[in-house]
Amino acid sequence: MKATVRNYHARMQRVLDYIDRHLDEDLDLEAVSHVAAFSKFHFHRQFVATFGLSLHRYVQLARMKHASRRLAWNDAESVTDIAMDAGYEAPDAFARAFRQRFGQSPSSFRKSPDWAPWIAAFGPLDNARNKLMQIIFGRDDVTIRDVPPMPVAMIEHRGDRAMLGTTIERFKTWCKARGLSPESGRPSLMVFRSERCPANPADYSMDLCVGTDQPVETNDQGMRAGVIPGGRCAVLRYPGNTNDLEPAALYLYRDWLPDSGEEVRDFPIYCQRRLALAPDASTPEVFVELFLPLK
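Residues numbered from 1 in each chain as written. Predicted model: local features only at pLDDT ≥ 70, side-chain atom pairs only at ≥ 80, totals over all residues. Heavy atoms only, no water.

**Considerations on the overall build of the chain**
Stage number 1. Along the chain, the regular secondary structure elements total 11 helices and 8 strands.
Stage number 2. Referenced to the eigenvectors of the C-alpha coordinate spread, the extents of the chain come out at roughly 55 × 50 × 40 Å.
Stage number 3. For the chain, long-range pairs separated by at least 24 residues make up 69% of all intrachain contacts whose partners lie at least 6 apart in sequence.
Stage number 4. On the chain, roughly 16200 Å² of surface is accessible, and the fraction owed to carbon and sulfur atoms is 51%.
Stage number 5. Averaging the coordinates of the 38 positive side-chain charges in the chain and doing the same for the 38 negative ones gives two points 2 Å apart. (Helix = DSSP H or I, 4+ residues; strand = E, 2+ residues; numbered from the N terminus. Contact = heavy atoms within 4.5 Å. Areas by Shrake-Rupley, 256 points an atom, 1.4 Å probe, with all protein chains shown as cover. Lys, Arg positive; Asp, Glu negative; His and termini not counted. Charge placed at Lys NZ, Arg CZ, Asp CG, Glu CD.)

Encoded structure:
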C-alpha cells in the first residue's frame, strides 16, 4: 500500500478511535473532521466514500451498540442515564428507537436479550469498521479437521446473486417456523457452488443449509433434505461477521493449498457461521469458519 494511502487510512482510523472514546460527547462534523485534519466542507463525503455510512448514521449505531452493552452489563444503571448518554433527550424516544431496531424494549432486552436482531442491526457498523482492517492470514490460522457428516435442511439458490435476498428470506421463514433459526444453536451453513461474481451472473450458485435431525419434506418453499459429507477439511476461521469470504478463500486456494501438499476433495468449499458467548462476555461474538474439503 502506498504511503499516501496508508496515511489517509490512518487518519480515518483516528476518527473511529476518537468516536469510540467520545460517544457521550458532541460528535458534530466540525469536531470530527478536525480530528482527521480534513476540511469540514469535504469530510462528510470522504467519510461516506470510505465507510459506506454517513457520519451521523455511524455515530448513531455506535452509540446504540454501546448503550445495548451497558444494558446487558450493568443492571444498576438506569435506562434514563443510558438513554441520555446515547444522545436521546428522553427515555421514551430511546425506547422507541431501541424497539424499532431490535424488536425488544430496553427493559426486555436487559432481562432476556434476543441476539439475532442485535447482530443483524449492527451489520452496517461492522462492515464499515472492517473496511480499514485488512486481515492477513497465515498457516497457523488453518487447522485440518475430520468433520462428521451433517444432515441438513437446505434450499438452493441458482441464478443472479442480486436475487439471493429473496431466497434467504424464504430460508429464514422456514427455519424460524420450525425452531431451527441460528439463535437456537443449530449450525447454519452456506455451500458455495460457484464464484462470488461469475462472468455470467446467471451462473451464480449456492446452497443455504441448517443442521437438523428432523425429517424434511420437499415443499413449495424449495426446502429439501441434504447432507454435508464428512471427511478431512482445511478450516480457516474468519473473525467477525462478514458476508465477503473471498479474501479467506483466496488465501486457502492460492497460498495454503499449494504449500500444504494436500489435494481437494470433490465437494465445494463451504462456511459455517457460529455464535459464541464467552463466560465473561455480555454480548455474543460472531465468527465464520471456511471449510475446504480435502482427500
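**Some words on the pattern of salt bridges**
Stage number 1. Overall, the coordinates contain 15 salt bridges when judged by the stated rule.
Stage number 2. Residue glutamate 156 pairs with arginine 224 through a salt bridge whose shortest N-O separation is 2.7 Å. Pair noted here: glutamate 156 is in strand β2 (residues 150-158) and arginine 224 is in strand β5 (residues 223-228), with a separation of 68 residues, a long-range link.
Stage number 3. You can call glutamate 156 partly exposed: its relative accessible area is 35%.
Stage number 4. Across the salt bridge formed by glutamate 169 and lysine 172, the nearest N and O atoms sit 3.7 Å from each other. Here glutamate 169 pairs with lysine 172, and both are found in helix α10 (residues 164-177), just 3 residues apart, close to one helical turn.
Stage number 5. Residue classification places glutamate 169 among the partly exposed residues on the basis of a relative accessible area of 44%.
Stage number 6. By relative accessible area, which is 46% here, lysine 172 ends up partly exposed.
Stage number 7. Taken together, the shared-partner salt bridges connect Glu156, Arg158, Arg193, Asp207 and Arg224 into one network. (Salt bridge = Lys/Arg side-chain N within 4 Å of Asp/Glu carboxyl O. Buried < 20%, exposed > 50% of the residue type's maximum accessible area, 1.4 Å probe, protein only.)

**Observations concerning the confidence of the model for the chain**
Stage number 1. Taken as a whole, the chain shows an average pLDDT of 86; of its residues, 91% reach a score of 70 or greater.
Stage number 2. At the level of individual helices and strands, the chain shows its lowest average pLDDT in helix α9 (residues 123-130), which scores 78, and its highest in strand β1 (residues 142-147), which scores 96. (pLDDT = per-residue confidence, 0-100.)

**Structural notes on helix α6 (residues 91-102)**
Stage number 1. Along its 12 residues, α6 runs 16 Å from first to last C-alpha, staying within 8% of the 16 Å computed at 1.5 Å per residue.
Stage number 2. Three or more residues of α6 are buried, namely Phe94, Ala97, Phe98 and Phe102. Considered in projection along α6, the buried side chains sweep an arc of 105° and stay on one side of the axis. In α6, the exposed residues that point more than 90 degrees away from the buried face are Arg96 and Gln100.
Stage number 3. On the buried face of α6, the contacting elements are α4 (55-73), α5 (79-85), α7 (106-111) and α8 (115-121).
Stage number 4. Glycine 103 sits one or two positions beyond α6 and adopts a positive phi of about 75°. (Expected span 1.5 Å × (residues − 1). Arc of directions from axis to C-beta.)

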